[in-house]
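Read off the chains here:
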Amino acid sequence: MYPDLKLYIAGEWRKTSEDLAVLNPATEEEIGRHPRASRRDLDDALSAAVEGFAIWRRTAPRERANVILRAAALMRERLEEIARSITLEHGKPLRQARLEVIRGAEFFEWDAGEAMRTYGRVIPSGPGESFTVHHQPCGVVAAFSPWNFPMSQPARKIGGALAAGCSIILKAAEETPAGALHIARAFEDAGLPRGVLNLVFGDPAEISGYLIPQEPVRLVAFTGSTVVGRHLTTLASEHMTPVLMELGGHAPVIVCEDTDVEKAAISGAVRKYRNAGQVCTSPTRFFVHDSVYERFRDTFVRRAAETVVGNGLEDGVEMGPLANERRITALSELVEDARAKGAEVLAGGKRHGDKGYFFQPTVLANVPEAARVMQEEPFGPLAVINPVPSLDAAIAQANSVPYGLAGYAFTNRADYLAQLSEEVEVGNLSINTLEASMPETPFGGVKSSGYGREGGSEGISNYMVIKHVWHSSKIA
Ligand code: NAD
């Protein structure tokens with residue numbers, strides 16, 4: 001069921017002399033081994049990407065779109081196989097893995113359309129001359145995708161790059177290599193020219209340290225933690241290479257007094273524990289108006305405690321394990337720190353079971369400002385629920401972290417909507433829903449949550465450069 005893991009370079013699948021184990025986080029058992037790319041493999045990927053770019057940039061946008069659409073159709077056909085590999089390597093419930101495959105295909109389908117809409121501009125000019133603005137693919141992209149969405153995260157980057165006419169070397173997450181491998185297979189079968197898409201795994205720091213300074217690399221695209229994003233941005237800046245950075249978040253949820261409190265609380269608890277909270281837009285800091293605080297908190301805690309935790313392959317499971325042992329330690333430390341500083345632990349707070357990297361759905365209430373979790377992204381199944389006296393106070397709390405990716409609110413009041421839209425410092429604000437992005441909407445952060453946008457009509461522009469052409473019919 002789990003694929004034989006290989007690198008994909010210059011249109012060929014390759015094993016290497018060194019490989020590393022991939023574990024199922026629900027059982028801690030080895031399910032495969034991913035090859036580790038050497039310098040030679042990376043050099044080959046670079047040469048292939050340069051050759052691939054020369055072909056792909058000259059491929060008509062409509063033909064690029066057709067290849068992307070064919071690949072997306074193959075991913076949909078292979079939905080069950082891909083979803084099962086994702087559940088095995090990541091642990092998420094199969095139902096969520098299937099939805100991820102569909103979302104990944106939707107990202108590609110959106111990007112295919114965008115390939116044909118990279119319009120330039122004609123600037124009014126005097127007689128005998130023309131000013132035209134062209135959008136051209138930037139070149140070879142070095143991309144790095146994380147483990148929380150093994151298929152849809154690589155899809156974002158591959159879709160944008162290929163639609164624009166770029167070639168790409170993707171280092172997908174070593175924890176979850178199969179999602180990206182299935183994408184590469186689909187593109188191979190869809191007839192993508194060799195070298196346009198290259199897939200590698202290995203030591204993340206070694207690969208980024210080697211690829212980013214290389215001359216043909218014209219964009220670094222990364223999704224992951226702010227710490228690593230900052231490091232890669234520094235490295236890229238030494239070479240004047242632009243970056244697309246989709247980094248951490250610490251999403252606030254403002255619950256106003258006019259909302260349907262029970263519904264908001266259930267929606268919050270269901271959404272919080274999706275993907276075991278390992279989502280950069282995961283709703284985490286709930287700021288609830290004093291007058292509805294207790295009702296919201298109690299309903300949320302009840303629903304949190306009902307969450308069915310287990311192996312994602314089993315029916316009825318709502319929440320799988322965390323990615324690795326490291327995440328259990330990180331979460332446990334945040335809970336203990338908050339408890340020591342006076343927070344109430346109303347649900348969970350500990351490892352779940354003794355096999356697999358499971359953590360209990362956790363709710364902390366009345367958490368003091370000094371607790372680390374009020375500033376640090378937990379990236380796990382942990383919710384903070386604190387009372388606030390007013391919308392002003394809630395917005396001040398929402399904006400009090402260095403992050404600004406997603407933010408949410410529950411309200412039906414037009415004046416509240418206007419204030420929230422104006423004042424909450426995030427790239428994505430959602431009202432009465434805890435969904436943050438769709439293929440057709442721009443996604444990305446402000447502050448330490450990153451630069452650039454993925455998706456929407458904005459996304460493709462990261463992968464393009466602007467050229468102004470001034471044509472004079474006579475020599476001036
Ligand atoms: P981490 O910071 O060690 O790694 C995060 C990701 O970056 C991983 O995919 C890793 O392979 C990659 N990475 C690490 N060092 C790298 C380097 N030098 N060059 C290139 N890639 C590198 O953290 P972790 O323990 O694996 O994950 C937890 C943290 O990662 C969370 O706190 C969260 O902020 C972040 N994260 C964010 C997203 C997201 O969607 N924004 C996804 C996954 C992880």
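Residues numbered from 1 in each chain as written. Predicted model: local features only at pLDDT ≥ 70, side-chain atom pairs only at ≥ 80, totals over all residues. Heavy atoms only, no water.

**Some thoughts on the pattern of salt bridges**
No. 1: One pass over the structure, following the stated rule, counts 32 salt bridges.
No. 2: Glu206 serves as the salt-bridge partner of Arg36, at 3.2 Å between the closest nitrogen and oxygen. Taken as a pair, Arg36 in the loop between strand 4 (29–35) and helix 1 (39–56) and Glu206 in helix 7 (residues 204–211) lie far apart in primary sequence, 170 residues in all.
No. 3: The class of Arg36 is partly exposed, set by a relative accessible area of 22%.
No. 4: Among the ionic pairs, Arg413 bridges to Asp415, the shortest N-O distance being 2.7 Å.
No. 5: Residue Arg413 is classed as partly exposed on the basis of its relative accessible area of 34%.
No. 6: We classify Asp415 as partly exposed; its relative accessible area is 43%. (Salt bridge = Lys/Arg side-chain N within 4 Å of Asp/Glu carboxyl O. Helix = DSSP H or I, 4+ residues; strand = E, 2+ residues; numbered from the N terminus. Buried < 20%, exposed > 50% of the residue type's maximum accessible area, 1.4 Å probe, protein only.)

**Focus: the pairing of strand 11 (residues 243–246)**
No. 1: Of the two faces of strand 11, the one holding Val243 and Met245 and the one holding Leu244 and Glu246 are both buried throughout.
No. 2: Sheet topology places strand 10 (residues 217–223) next to strand 11; four bridges connect them, and they run parallel. Following the sheet pairing, Phe222 is matched in strand 11 by Met245.
No. 3: Between strand 10 and its parallel partner strand 11, the chain crosses via helix 8 (residues 226–237), and the hand of that crossover is right-handed.
No. 4: Here strand 11 runs beside strand 19 (residues 450–451); their pairing, made up of two bridges, is antiparallel. (Pairing = 2+ DSSP bridges. Right-handed = clockwise from strand over helix to strand, strands pointing away.)

**Describing the packing of aromatic side chains**
No. 1: Within the structure shown, the criterion is met by eight aromatic pairs.
No. 2: Between Phe286 and Phe296 the ring centres are 5.8 Å apart and the planes differ by 40 degrees, which places this aromatic pair in the tilted class. Taken together, the residues Phe286 in strand 13 (residues 283–289) and Phe296 in helix 10 (residues 293–306) connect sequence positions 10 residues apart. In this pair, the class of Phe286 matches that of Phe296, namely buried.
No. 3: The interplanar angle of 40 degrees and the centroid separation of 5.9 Å between the aromatic rings of Phe296 and Phe300 together place this pair among those described as tilted. Pair noted here: Phe296 and Phe300 are both in helix 10, with a separation of four residues, about one helical turn.
No. 4: Its relative accessible area of 0% is what places Phe300 among the buried residues.
No. 5: Note that Arg117 overlies the ring of Trp110, its terminal NZ or CZ placed 5.6 Å from the centroid.
No. 6: The ring of Tyr416 carries the charged tip of Arg413 above its face, separated from the ring centre by 3.9 Å. (Phe/Tyr/Trp six-rings, centres within 6.5 Å; stacked < 30°, edge-to-face > 60°. Lys NZ or Arg CZ within 6 Å of the ring centre and 35° of its normal.)

**So, the pairing of strand 8 (residues 167–171)**
Along any regular strand the residues' side chains alternate between the sheet's two faces.
No. 1: The element strand 8 is largely enclosed, with a buried count of five among its five residues.
No. 2: Taking every second residue as pointing to the same face, both faces of strand 8 are buried, with Ser167, Ile169 and Lys171 on one and Ile168 and Leu170 on the other.
No. 3: One ladder, built from five bridges, connects strand 7 (residues 140–144) with strand 8; its direction is parallel. Bridging across to strand 8, Ala143 finds its partner in Leu170.
No. 4: Of the crossover connections in this fold, the one passing from strand 7 over helix 5 (residues 152–164) to the parallel strand 8 is right-handed.
No. 5: Bridge count for strand 8 against strand 9 (residues 197–200) is four bridges, and the pairing is parallel. Residue Lys171 lies in a different strand from strand 9, and its bridge partner there is Val200.
No. 6: Remark: the strand 8/helix 6 (residues 177–190)/strand 9 crossover connection has right-handed handedness.

**A short note on the nonpolar core**
No. 1: Judged by nonpolar contacts, the single largest core of 85 residues is most densely connected at Val141, Leu162 and Phe187.
No. 2: Formed by 60 residues, the second largest nonpolar core is a distinct cluster that contains Leu331, Ala394, Ala409 and Val426. (Core = buried A, V, L, I, M, F, W, Y, C linked by side-chain atoms within 4.5 Å.)

**Notes on the domain arrangement of the chain**
No. 1: Domain boundaries assigned for the chain yield domain 1 (7–247 + 449–468) and domain 2 (251–438).
No. 2: Between the C-alpha centres of domain 1 and domain 2 the distance comes to 30 Å.
No. 3: Contact residues are listed per partner, giving 25 residues for domain 1 and 31 residues for domain 2.
No. 4: Overall, the association of domain 1 and domain 2 removes approximately 2,300 Å² of surface from exposure, summing both partners, and the carbon and sulfur fraction of that is 53%.
No. 5: Looking at the side of domain 1 facing domain 2, the largest losses of area belong to Glu28, Trp147 and Ser449, adding up to 23% of the total buried there.
No. 6: Summed over the shared surface of domain 1 and domain 2, the result is one salt bridge.
No. 7: Arg326 is the partner of Glu175 in a salt bridge, and the nearest nitrogen-oxygen pair spans 4.0 Å.
No. 8: Scanning the region where domain 1 abuts domain 2 turns up 12 residue pairs in polar contact (both at pLDDT 80 or more).
No. 9: Elements with a minimum of two residues in the side of domain 1 that touches domain 2: helix 3 (79–90) and helix 4 (94–115).
No. 10: Element by element, the count of residues in the side of domain 1 that touches domain 2 is highest for helix 3, at four residues.
No. 11: Partitioning the side of domain 1 that touches domain 2 into residue classes produces nine nonpolar, eight polar and eight charged. (Domains from an automatic or database assignment. Contact = heavy atoms within 4.5 Å. Buried area = accessible area lost by both parts, 1.4 Å probe. Polar contact = N/O pair within 3.5 Å; in protein donor to acceptor, adjacent residues only side chain to side chain. Nonpolar A, V, L, I, M, F, W, Y, C, P; charged D, E, K, R; others polar.)

**Observations concerning the sheet that holds strand 13**
No. 1: Spatial ordering of the open sheet is given by 14-15-16-13-12-17-18, a layout of seven strands whose pairing is mixed. The open sheet terminates on both sides in strands that have one partner only, identified here as strand 14 (344–347) and strand 18 (428–431). On average, each strand axis in the sheet is inclined to that of its neighbour by 20 degrees, with strand direction left out of account.
No. 2: Of the pairings in the sheet, the one linking strand 12 (residues 251–255) to strand 13 comprises five bridges and is parallel in character. Its bridge partner being in strand 13, Val253 is matched across the sheet by Phe286. (Axes fitted to C-alpha atoms, helices over the stretch in contact; angles between N-to-C directions.)

**Topic: helix 8**
No. 1: Look at helix 8: 16 Å from first C-alpha to last across 12 residues, which is about the 16 Å you get at 1.5 Å a residue.
No. 2: The set of residues buried in helix 8 consists of Thr226, Gly229, Leu232, Thr233, Leu235 and Ala236.
No. 3: For helix 8, the elements touching its buried residues are strand 7, helix 7, strand 10, strand 11 and strand 19. (Expected span 1.5 Å × (residues − 1).)

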